[in-house]
Amino acid sequence: VHDYKNTVELAIALTRKGYTKIHWDEILKKTNINCHPSETLTFKEILDQNMLKYLDFCSEIGERAFREFQIGENLENIEKKWKDIIFSTLQHKTT
């Protein structure tokens, strides 16, 4: 049961929204396991390379990637909302 729980946690950590090449490169550098998404890479291959040993690290990277993704989405929403707002200004009198 413990192994299953960790396996699920790893799957969640590696599939969070927001991963970029930078995040995958960080994982590769720390673990020496290339898990950059590809058409041929399987989760079993990742597990066979003992990635569970790095579960905590992968969880941290996944959380950070997701937070960065959320920040990016929030900034885009703010830009969209403010894009069409026009400010009127008045000349300030100096005395």
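Computed from a predicted structure; not experimentally measured.

Caption draft 1: Summary view of the confidence of the model for the protein. Averaged over the protein, the pLDDT score is 93; the fraction of residues at 70 or greater is 99%. Here helix H1 (residues 2-14) stands out as the element of the protein with the lowest mean pLDDT, 93, in contrast to helix H2 (residues 21-31), whose mean of 96 is the highest.

Caption draft 2: Expanded view of the packing of aromatic side chains. According to the stated counting rule, one finds three aromatic pairs in the structure shown. Here Tyr19 and Trp24 contribute two aromatic rings whose centre-to-centre distance is 4.2 Å and whose plane-to-plane angle is 20°, an arrangement assigned as stacked. Of the residues examined, Tyr19 reaches a relative accessible area of 15% and is grouped as buried. A relative accessible area of 9% means that Trp24 is categorised as buried. Above the ring of Phe66, the side-chain terminus of Arg16 is found at 4.3 Å from the ring centroid. Directly above the aromatic system of Phe57 lies the positively charged group of Lys30, at a separation of 5.5 Å from the ring centroid.

Caption draft 3: A look at the pattern of salt bridges. Tallied over the entire structure, the rule returns five salt bridges. Taking the shortest distance from any N to any O, the salt bridge between Glu9 and Lys5 comes out at 2.7 Å. Remark: Lys5 and Glu9 occur in helix H1; sequence separation between them is four residues, near one turn of the helix. Between Asp25 and Lys21 there is a salt bridge, with the nearest N and O atoms lying 2.7 Å from each other. One end of the pair, Asp25, and the other, Lys21, are both in helix H2, four residues apart, so they sit about a helical turn from each other. On the basis of relative accessible area, Asp25 is assigned to the partly exposed category, the value being 28%.

What counts, and at which threshold
Residues numbered from 1 in each chain as written. Predicted model: local features only at pLDDT ≥ 70, side-chain atom pairs only at ≥ 80, totals over all residues. Heavy atoms only, no water. pLDDT = per-residue confidence, 0-100. Helix = DSSP H or I, 4+ residues; strand = E, 2+ residues; numbered from the N terminus. Phe/Tyr/Trp six-rings, centres within 6.5 Å; stacked < 30°, edge-to-face > 60°. Buried < 20%, exposed > 50% of the residue type's maximum accessible area, 1.4 Å probe, protein only. Lys NZ or Arg CZ within 6 Å of the ring centre and 35° of its normal. Salt bridge = Lys/Arg side-chain N within 4 Å of Asp/Glu carboxyl O.

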